[in-house]
Amino acid sequence: MAGAGVKRVRKNGAKRLKSRERKEQIAAVAGRLFSRKGFGGTTTREIARKARISEATIFKHFKRKGDLYRAIIERSCDDPAGRFILTKRLEGRHGAEVFREVAEFMMERYAEDPSFARLLMFSALERNRFSDIFIRSRGMETLEYLAGHIKDLMDAGHFKRRDPFLCARAFLGMVVHYCVWQEIYGFKRFFSRPASSVVSTFVDIFLNGMEKKEGRR
């Protein structure tokens, strides 16, 4: 008889995990497969085989594909308490600190886990719902937070009046484009700069622009 507290092991060698642990395991396996083979090239049978479970177990925990996609997004973007990691990191930040924190977070995530960026690219190419779910949740949350911060700086007289959402998209686009070229297209094999230098330069370009002021010439 198995001792108290020992997880039961099935005949195929897979541990009988708690529901939350099993969902996290399935999401991890599915995310890795999707990022390597795309959504169209990955079957639930393959996910089940890699996770050493039955397909029925996948459907038990994820009734719809969208539920599985959300679990993958939460696993990559949220902390153990279920909060968006970036939002938590921005607490107490003001002014230029907000832009630095956003840029640092995105560069760290792309460098540590480029597979998530590949998921988004596969989704866009295959017209899969994954990227829509991500943009409607974490993507829009980031854009709205940054746009709100920019509007506050406009109201305080620090920024000229422009569409705050368009300004936020411009800043995020600059950072994301750099990360995609470096980590996904492999540009870092030919061009590399310290992350701190990239963040400082991008934030300075966004806040101050490239044009010299008349008095500095």
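Our subject is the structure listed above.
What comes next is a walk through the structure. Keep in mind the model is a prediction, meaning the values are calculated, not measured.

1. A short note on the pattern of salt bridges
Here is step 1: Scanning the model with the defined rule gives 14 salt bridges in all.
Here is step 2: Glu46 serves as the salt-bridge partner of Lys37, at 2.9 Å between the closest nitrogen and oxygen.
Here is step 3: Across the pair Lys88 and Asp79 runs a salt bridge, and its minimum N-O distance is 3.6 Å.
Here is step 4: Salt bridges sharing common partners tie together Arg89, Arg93, Glu101 and Glu108.

2. Things to note about the nonpolar core
Here is step 1: Among the nonpolar cores identified, the biggest contains 56 residues, and Phe34, Val102, Phe130 and Leu146 are the most heavily contacted of them.
Here is step 2: Among the secondary structure elements, those contributing two or more residues to this core are α1 (19-37), α2 (44-51), α4 (65-77), α6 (96-112), α7 (114-126), α8 (130-155), α9 (164-184) and α10 (195-208).
Here is step 3: Here the element with the most residues in this core is α8; it accounts for nine residues.
Here is step 4: Excluding residues within four positions of it along the chain, Phe130 makes contact with Phe39, Tyr69, Ile72, Ile73, Phe116, Leu119, Leu120 and Ser123.

3. Digging into α8
Here is step 1: An ideal rise of 1.5 Å per residue puts 38 Å on 26 residues; α8 measures up with 36 Å between its terminal C-alpha atoms.
Here is step 2: The largest bend along α8 measures about 40 degrees and falls at Arg136.
Here is step 3: After α8 finishes, the residue Gly157 shows a positive phi value of roughly 85 degrees.

4. A word on the side chain of Gln182
Here is step 1: For Gln182, the position within the fold is in helix α9.
Here is step 2: Within the structure, Gln182 has its side chain in polar contact with the backbone oxygen of Phe191 (distance 3.1 Å).
Here is step 3: When sequence neighbours within four positions are dropped, the list of residues in contact with Gln182 reads Phe187, Lys188, Phe191 and Ser192.

5. Remarks on α10
Here is step 1: In this model, α10 (14 residues) spans 20 Å end to end at C-alpha, consistent with the 20 Å of a helix rising 1.5 Å per residue.
Here is step 2: Within α10, the full set of buried residues consists of Val198, Val199, Phe202 and Val203. One side of α10 carries all its buried residues, which in axial view fall inside an arc of 120 degrees.
Here is step 3: Gly209 sits one or two residues past α10 and shows a positive phi near 75 degrees.

6. With respect to the packing of α6 against α9
Here is step 1: Packing of α6 against α9 leaves a shortest axis separation of 10 Å and a crossing angle of 20 degrees. When the interaxial angle is binned, α6 and α9 end up roughly parallel. The chirality of how α6 crosses α9 is right-handed. Where α6 abuts α9, its residues Phe99, Val102, Ala103, Met106, Met107, Tyr110 and Ala111 lie against Phe171, Leu172, Val175, Val176, Tyr178, Cys179, Val180 and Glu183.
Here is step 2: Looking at the contact of α6 with α9 residue by residue, the classes come out as 14 nonpolar, no polar and one charged.

Cut-offs applied
- Residues numbered from 1 in each chain as written.
- Predicted model: local features only at pLDDT ≥ 70, side-chain atom pairs only at ≥ 80, totals over all residues.
- Heavy atoms only, no water.
- Salt bridge = Lys/Arg side-chain N within 4 Å of Asp/Glu carboxyl O.
- Core = buried A, V, L, I, M, F, W, Y, C linked by side-chain atoms within 4.5 Å.
- Buried < 20%, exposed > 50% of the residue type's maximum accessible area, 1.4 Å probe, protein only.
- Helix = DSSP H or I, 4+ residues; strand = E, 2+ residues; numbered from the N terminus.
- Contact = heavy atoms within 4.5 Å.
- Expected span 1.5 Å × (residues − 1).
- Bend = angle between axes of the 7 residues up to and from the residue.
- Polar contact = N/O pair within 3.5 Å; in protein donor to acceptor, adjacent residues only side chain to side chain.
- Arc of directions from axis to C-beta.
- Axes fitted to C-alpha atoms, helices over the stretch in contact; angles between N-to-C directions.
- Parallel < 35°, antiparallel > 145°, perpendicular 65-115°, else oblique.
- Left-handed = near helix turned anticlockwise from the far one by under 90°.
- Nonpolar A, V, L, I, M, F, W, Y, C, P; charged D, E, K, R; others polar.

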